[in-house]
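# Coordinate analysis (summary)
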Amino acid sequence: MKDLLGGLLMLVLVFGGGYCTGKHYEQEAQQAEVDRLNAEARAKEKALADAVTTTANALRVSNEKAKIATRQRDAAIDSGAYKLRVPVKTFCPVPAATDPATAAGGGGGEASAELSPEVGKALFAIAEEGDRAITKLNACIDLYNQALESQKGIK
């Protein structure tokens, strides 16, 4: 009986020791896996932050170039070197022409009106505001797609 109790005690001690040792090794393995996944996530975050910074810098440079071009164009409009004209539709009853070149429209040219510099600048400003908005939106879409691609591996 004594040997049976001794054997049973030994069995319980071996099982308990093995269980505690295995639990310790499993915790270490899980911690190593968590550390590895955290390192991967930090690397992806850094890559995304770098992409955001690069895109923001490119957008800033693009906006500065657009501002310089705007200033140059506005100066040309103010100096009169750049005149803005728009076609104008006119209604004029034309009598039957005997000259075929005149009847075909080869002699007169198209009627147009010159815009004042203020109106021209305002039209360009509206178009440029739209261009800036589209450029900014495209940059956001590119960043979103980069983030989505980098996160596809994480599930």
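Refer to the preceding data block for the structure.
Below is a short write-up of the structure. Here the residue numbers are simple positions, counted from 1 along each chain's written sequence. Local features are withheld for residues below a pLDDT of 70 in this predicted model, meaning they are given only at 70 or higher, and side-chain atom pairs are given and counted only at 80 or more; totals for whole chains, interfaces and linings count all residues. For side-chain calculations, the full set of non-hydrogen atoms in the structure is used, while hydrogens and water are omitted.

With that out of the way, let us pick up helix H1 (residues 2-79). A rise of 1.5 Å per residue sets the reference length of H1, with its 78 residues, at 116 Å; its end C-alpha atoms lie 114 Å apart and thus fit the reference within 8%. Throughout, exposure labels follow a simple rule: accessible area from a 1.4 Å probe, protein chains only, divided by the maximum for the residue type, with under 20% read as buried, over 50% as exposed, and the rest as partly exposed. Here a strand is any run of E in DSSP of at least two residues, a helix any run of H or I of at least four, and the numbering for each starts at the N terminus. Among all positions in H1, only Ala-51, Leu-59, Thr-70, Arg-73 and Ile-77 are buried. Throughout, a residue-residue contact means that at least one pair of heavy atoms, one from each residue, lies within 4.5 Å. Elements that come into contact with the buried residues of H1 comprise helix H3 (117-151). Just past H1, the residue Gly-80 takes up positive phi, approximately 90°. In this analysis, the expected span of each helix is defined as 1.5 Å times one less than the number of residues it contains.

In this section: the packing of H1 against H3. Axis geometry follows a simple rule: fit a line to the C-alpha atoms, using only the stretch in contact for helices, then measure angles between N-to-C directions, giving values from 0 to 180 degrees. Where H1 meets H3, the axes come as close as 11 Å, and the angle between the chain directions of the two elements is 170°. By the criterion of interaxial angle, the relationship of H1 to H3 is roughly antiparallel. A per-class count over the contact of H1 with H3 returns 10 nonpolar, 7 polar and 8 charged. Between 65 and 115 degrees an angle is taken as roughly perpendicular, under 35 as roughly parallel, over 145 as roughly antiparallel, and anywhere else as oblique. Residues are grouped as follows: nonpolar covers Ala, Val, Leu, Ile, Met, Phe, Trp, Tyr, Cys and Pro; charged covers Asp, Glu, Lys and Arg; every other residue, Gly included, is treated as polar.

In this section: the packing of aromatic side chains. Only the six-membered ring of Trp is used, alongside the rings of Phe and Tyr, when aromatic pairs are assigned; centres must lie within 6.5 Å, and planes under 30 degrees apart are stacked while those over 60 apart are edge-to-face, with the rest tilted. Counted by the stated rule, this structure contains 2 aromatic pairs. On the numbers, 6.4 Å between centres and 25° between planes, the contact of Phe-15 with Tyr-19 is stacked. On the criterion of helical spacing, the pair formed by Phe-15 and Tyr-19 is a turn pair, its members being 4 residues apart in helix H1. Looking at Tyr-19, the relative accessible area reads 52%, which means it is exposed. Relative to Phe-124, the ring of Tyr-82 has its centre 6.3 Å away and its plane inclined at 35°; by these criteria the two rings are tilted. Remark: Phe-124 occurs in helix H3 and Tyr-82 occurs in the loop between H1 and strand S1 (85-87); sequence separation between them is 42 residues. The partly exposed category is assigned to Phe-124, whose relative accessible area is 24%. Positioned over the ring face of Phe-124 is Arg-73, at 4.1 Å from the centre of the ring. Note on criteria: charge over ring means Lys NZ or Arg CZ within 6 Å of the ring centre, with the direction from the centre no more than 35 degrees off the ring normal.

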